[in-house]
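An overview of the molecular structure
Listed here are the chains, written in short residue letters.
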Amino acid sequence: MSLKAGIVGLPNVGKSTLFNAITKKNILAANYPFATIEPNVGVVIVPDKRLDKLTEIYNPERTIPTAYEFTDIAGLVKGASVGEGLGNKFLSHIREVDAIVEVVRCFEDNNIIHVENTVDPIRDIEIINLELSLADLEIVNSRIDKIKKKAETNRDKEALEEYSILKKAKEALEVGTALRRVDFSREELLYLKSFNLLTAKPIIYLANVVEDELTIDNEHVKKVIEFASREEAKVIKICAKMEADLSDLTDDEKKEMLESVGIEESGLDLLVKATYDLLGLETYFTAGSDEVRAWTYKKGMNAKECAGIIHTDFEKGFIKAEIMSYEDLVTYGTELKVKEAGKTRLEGKDYLMQDGDICYFRFNV
């Protein structure tokens, strides 16, 4: 599955510094607004210790983790939805993402200019969220204008249903309510999905702090946590500058640096895991002497659908899935011993895949 997250925020909040850590590319991270003038895409590996253990057991020629794509969007400013700053050009780049990561400045530094002149994370969040709402409202209003007459005059059933959903979205957006907070039915959500509305996407707030404040919640972070709790959103605390430094280190050096500041996992690893969880994603594995690989699937997918993630032929010609759990393999040590213990299963197309399943798909096309 192709997974994407869009990184948004005001200028100079640490987005491009964070993106440098993600991609290890030397993109422009200058101390002025609009340093990012084209969308940048980078891929980050989803950390999973199970993959290391499987590599140890199978000693394959190659190990392929699952990955996540991040798109760095130029700093938005007040009025972006009507063309201020670099405007809608950049809002359009995040319509295709699965989730939004909103970077919020939660540190004081007189040497780094703030586009609004003072550090106020809630004001910053509200500016960004309002621009996203206004951009969505423009799309909703445009569609309403096209179908209103058909719905009200001709009483067309489909048009009336569509009009009703759009009016519900419009009313929420007009008062600044993100669509992800509106109680839509499953059918309504399915309809709205085709518009790729920004505020309907799940969101994570990324509180960017200085290194010394990674183990405490400063007043700025506390405000972000309180704000996010009202919309049941997650907050990840991160030091973008430290993440950039960590990206150049070996695993041992990285571990040592994290220990020196009193944390176990980097903010980036926490972010990737949180985004994965936010989207209801899980991992299954294929394993052998040639390749050990992690595959991402949506929780609730069945064996046949998961086979199709590898190749459409696997889904079309699906026969059975031979499955063992990661835990059983680790417990017994080898595939043979798992089979001897009666822990290997043959599952049909309707079997719901479980996180950590190790699969061999039988198919015939």
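Computed from a predicted structure; not experimentally measured.

Description of the side chain of H220
Along the chain, H220 falls in helix α7 (residues 219-230). Setting aside residues up to four positions removed in sequence, H220 forms contacts with C106, F107, E108, V119 and P121.

So, the packing of helix α4 (residues 121-152) against helix α5 (residues 157-174)
Where α4 meets α5, the closest approach of the two axes is 9 Å, and the angle between their N-to-C directions is 150°. The orientation of α4 relative to α5 falls into the category roughly antiparallel. With respect to the hand of their crossing, α4 and α5 are arranged in left-handed fashion. Contacts between α4 and α5 pair S133, D136, L137, V140, N141, R143, I144, I147, K148, K150, A151 and E152 from the former with A159, L160, E162, Y163, L166, K167, A169, K170, L173 and E174 from the latter.

Some points on the packing of aromatic side chains
Tallying each qualifying case throughout the model produces 8 aromatic pairs. Ring centres of Y68 and F70 lie 5.6 Å apart, and the angle between their planes is 45°; on these two criteria the pair is classed as tilted. Note on Y68: relative accessible area 1%, which makes it buried. Residue F70 is classed as buried on the basis of its relative accessible area, which comes to 0%. Ring geometry for Y191 against F195: centres 5.4 Å apart, planes inclined by 65°, an arrangement best described as edge-to-face. These aromatic residues form a ring-pair network of at least three members: Y284, W295, Y297, F318 and F361.

Conventions and cut-offs
Residues numbered from 1 in each chain as written. Predicted model: local features only at pLDDT ≥ 70, side-chain atom pairs only at ≥ 80, totals over all residues. Heavy atoms only, no water. Helix = DSSP H or I, 4+ residues; strand = E, 2+ residues; numbered from the N terminus. Contact = heavy atoms within 4.5 Å. Axes fitted to C-alpha atoms, helices over the stretch in contact; angles between N-to-C directions. Parallel < 35°, antiparallel > 145°, perpendicular 65-115°, else oblique. Left-handed = near helix turned anticlockwise from the far one by under 90°. Phe/Tyr/Trp six-rings, centres within 6.5 Å; stacked < 30°, edge-to-face > 60°. Buried < 20%, exposed > 50% of the residue type's maximum accessible area, 1.4 Å probe, protein only.

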